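# Per-entry structural report
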Amino acid sequence: MNYRQLGNTELKVSELSFGTWAIGGAWGNTNDEESLRGLHRAMDAGVNFFDTADVYGDGHSEELLAKATKGKEDSIHIATKFCRAGDIFDPKTYSEQSVRAFCEASLKRLQRESIDLFQIHCAPFEILKQGEVFEVLDKLQQEGKIRYYGVSVETVEEGLFCLTKTNVKALQVIYNLFRQKPKHELFPKAKENGVGILTRVPLASGLLTGKFTKATHFESDDHRNFNRDGEAFNVGETFAGLEFNKGVELSQQLQWIAEGRGNMTRAALRWILDEETITCAIPGFKTVKQVEDNLEACHVPSFTKEELVKIESFYKENVKDQIRGPY
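Residues numbered from 1 in each chain as written. Predicted model: local features only at pLDDT ≥ 70, side-chain atom pairs only at ≥ 80, totals over all residues. Heavy atoms only, no water.

### Quick notes on the overall build of the protein
Spelled out, the test is: For helices the rule is a DSSP run of H or I covering at least 4 residues; for strands it is a run of E covering at least 2, with both sets numbered from the N terminus onward. Between the two quantities, the radius of gyration covers C-alpha atoms and the globule rule is 2.2 Å times the number of residues to the power 0.38. Each residue's exposure class comes from its accessible area (1.4 Å probe, protein chains only) as a fraction of the maximum for that residue type: buried when under 20%, exposed when over 50%, partly exposed otherwise. Residue exposure ignores everything except the shown protein chains as possible cover, and the areas themselves are Shrake-Rupley values with a 1.4 Å probe. We score Asp and Glu as negative and Lys and Arg as positive, and we do not count His or the chain ends. All charge positions are set by atom: Lys at NZ, Arg at CZ, Asp at CG, Glu at CD.
If you tally the helices and strands in the protein, you get 13 helices and 10 strands. By the compact-globule yardstick of 20 Å for 327 residues, the protein fits well, its C-alpha radius of gyration being 18 Å. Across the 327 residues in the protein, those meeting the buried criterion constitute 58%. Here the protein displays about 13400 Å² of accessible surface, and carbon together with sulfur accounts for 46% of that area. For the protein, the separation between the mean place of its 41 positive charges and that of its 49 negative charges on side chains is 2 Å.

Structure (structure tokens):
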């Protein structure tokens, strides 16, 4: 496993880390024992960083991480997020009283004394511009409740704004083969400012595994069913903002990336890891097999210059104008 510095913090994290939305909830049926086996398999392979949120299964993914990392609190780093358990449009959700309560609740579920990275969870841009929440986070950091803080953003504009806040140490951004916009302006600026980049939805909610067809069915409690057109939250969080059938068509056109790399999953993650301005990719998982498949991305060949040009051209000509939602 390779490790990369998270911006200018003291944290060195595995370039292939994992998100825990899927094992918390809203991705269909899960099995806690299998989830725990997956977490242990990742750690055995050298993964030392996991991303979660208080709303993933109403805190369930945080509780699973507490079980899996017990006794390893100093060596396994955890990032969690807050605000979406409240009304994200209400400024009171970002008051000191409220943020402190979110923080204490996550600490309790995680069974930790400090959170390595505490992230604002896709708050509206207007809230971010008001700025009070950053002052609250500064206070929690001074008290030792959190080591560092960052922001999970929906758009490049939001990300660039957050870079103007001195103590923001990480940005979490949707980034994958279907959603390339952030790398041109946001990523270089973040590197210049000493801010780490966590790339979420790296497999476009599974589209980039190449396993879906237009007939693929998702369970009723899976956001790929109930949010496929943005009915519940930003459509960009589901299939990277692509209409599902169009996404299936586009993924079929990208099957060539798997040549020499085992499968599309490994290739799609390898493409992200080849970007030096990125700290880590954080794919999700529900099974040990998925964890192992994702980990193989660290060992498959990088993309050639010619392949990278082909991928960028494909994005500009076939994908870019199909993306829905704030970007």
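### Section: helix 2 (residues 32-44)
The cut-off we apply is this: Helix span is expected to be 1.5 Å times the residue number reduced by one. Here, two residues are considered to be in contact whenever any of their heavy atoms come within 4.5 Å of each other. We call two N or O atoms a polar contact when they sit within 3.5 Å, provided that within protein one can donate a hydrogen and the other can accept it, with sequence-adjacent residues counted only if both atoms are side-chain atoms.
The end-to-end C-alpha distance of helix 2, which contains 13 residues, comes to 18 Å, matching closely the 18 Å that a straight helix rising 1.5 Å per residue would cover. Within helix 2, burial applies to Glu-34, Ser-35, Leu-36, Gly-38, Leu-39, Ala-42 and Met-43. Those residues of helix 2 that are buried are in contact with strand 3 (18-19), helix 1 (21-24), strand 4 (49-51), helix 3 (60-68) and helix 12 (288-295). Where helix 2 begins, the capping side chain belongs to Asn-31, and its oxygen is found 2.9 Å from the backbone nitrogen of Glu-33.

### Examining the sheet that holds strand 3
For the record, the criterion: In this description, strands pair whenever DSSP reports at least two bridges between them. Between N-to-C directions, angles cover 0 to 180 degrees, with each direction set by a line fitted to C-alpha atoms, over the stretch in contact for helices.
The strand order across the open sheet formed by eight strands is 3-4-5-6-7-8-9-10, and the pairing between neighbours is parallel. Of all strands in the sheet, those bounded by a partner on one side alone are strand 3 and strand 10 (280-281). One ladder, built from three bridges, connects strand 4 with strand 5 (residues 77-82); its direction is parallel. Counted as the bridge partner of Asp-51 is Ala-79 from strand 5. Running over the sheet, helix 4 (residues 96-110) touches strand 5, strand 6 (115-121) and strand 7 (146-152) and is turned about 135° from strand 6.

### As for helix 4
Count 3.6 residues to each turn of an α-helix, and residues three or four apart come out pointing the same way. Helix length check: helix 4 (15 residues) gives 21 Å between terminal C-alpha atoms against 21 Å at 1.5 Å per residue, within 8%. Turning to helix 4, its buried residues are Ser-98, Val-99, Phe-102, Cys-103, Ser-106, Leu-107 and Leu-110. Its buried side turned inward, helix 4 meets helix 3, strand 5, strand 6, helix 6 (132-142) and strand 7. Just beyond helix 4, the residue with positive phi is Gln-111, at close to 55°.

### Here we look at the side chain of Asp-116
Looking at where Asp-116 falls in the secondary structure, it is placed in strand 6. Overall, the relative accessible area of 4% leaves Asp-116 in the buried class. A distance of 3.1 Å separates the side chain of Asp-116 from the side chain of Arg-147, its partner in a polar contact. Residues contacting Asp-116, with those up to four places away along its chain left out, are Leu-11, Ile-76, His-77, Ile-78, Arg-147 and Tyr-148.

### Let's talk about the nonpolar core
Rules: For our purposes a nonpolar core is just a set of buried Ala, Val, Leu, Ile, Met, Phe, Trp, Tyr and Cys residues, chained together by side-chain atoms within 4.5 Å.
Within the largest apolar cluster, 91 residues are counted, with the highest numbers of intra-cluster contacts made by Phe-118, Ile-120, Phe-134, Leu-137, Leu-171 and Phe-178. In terms of residue count, helix 11 (residues 264-273) provides more of this core than any other element does, seven residues in total. Counting residues in hydrophobic clusters, the runner-up holds 11 residues, among them Phe-49, Ala-79, Tyr-148 and Ile-282.

### Digging into the pairing of strand 7
Worth spelling out the cut-off: Note on handedness: a crossover is taken as right-handed if, strands pointing away from the viewer, the path from the first strand over the helix to the second is clockwise.
Across the seven residues of strand 7, six count as buried, placing the element largely inside the fold. Relative to strand 7, strand 6 runs parallel, the two being bridged by six bridges. When the sheet's bridge partners are listed, Ile-115 is paired in strand 7 with Ile-146. The pairing of strand 7 with strand 8 (residues 168-174) spans four bridges and is parallel. Residue pairing for strand 8: Gly-150 is matched across the bridge by Ala-170. Read as a crossover between parallel neighbours, the route from strand 7 over helix 7 (residues 156-162) to strand 8 is right-handed.

### Some details on the pairing of strand 5
Within a regular beta strand, the side chains point alternately toward one face of the sheet and then the other, so they alternate between its two faces. Taking burial as the measure, the six residues of strand 5 include six buried ones, the bulk of the element. Alternating residues of strand 5 divide into His-77, Ala-79 and Lys-81 and Ile-78, Thr-80 and Phe-82, and every residue in both groups is buried. Traced from strand 4 through helix 3 to strand 5, the parallel crossover comes out right-handed. Bridge analysis of strand 5 against strand 6 gives four bridges, and the strand direction is parallel. The partner of Ala-79 across the bridge, within strand 6, is Leu-117. A crossover links strand 5 with its parallel partner strand 6, the connecting element being helix 4, and its sense is right-handed.

### Quick notes on the pattern of salt bridges
Between side chains of opposite charge, a pair can form as their charged atoms come close. This is how the line gets drawn: By definition here, a salt bridge exists when the distance from a side-chain nitrogen of Lys or Arg to a carboxyl oxygen of Asp or Glu is within 4 Å.
By the definition in use, this model includes 24 salt bridges. Note that Arg-37 and Glu-34 form a salt bridge whose closest N and O atoms lie 3.0 Å from each other. Of the two residues, Arg-37 and Glu-34 both sit in helix 2, three residues apart, roughly one turn of that helix. For Glu-34, a relative accessible area of 19% puts it in the buried group. Across the salt bridge formed by Asp-116 and Arg-147, the nearest N and O atoms sit 3.1 Å from each other. Of the two residues, Asp-116 is situated in strand 6 and Arg-147 in strand 7; the sequence distance between them amounts to 31 residues.

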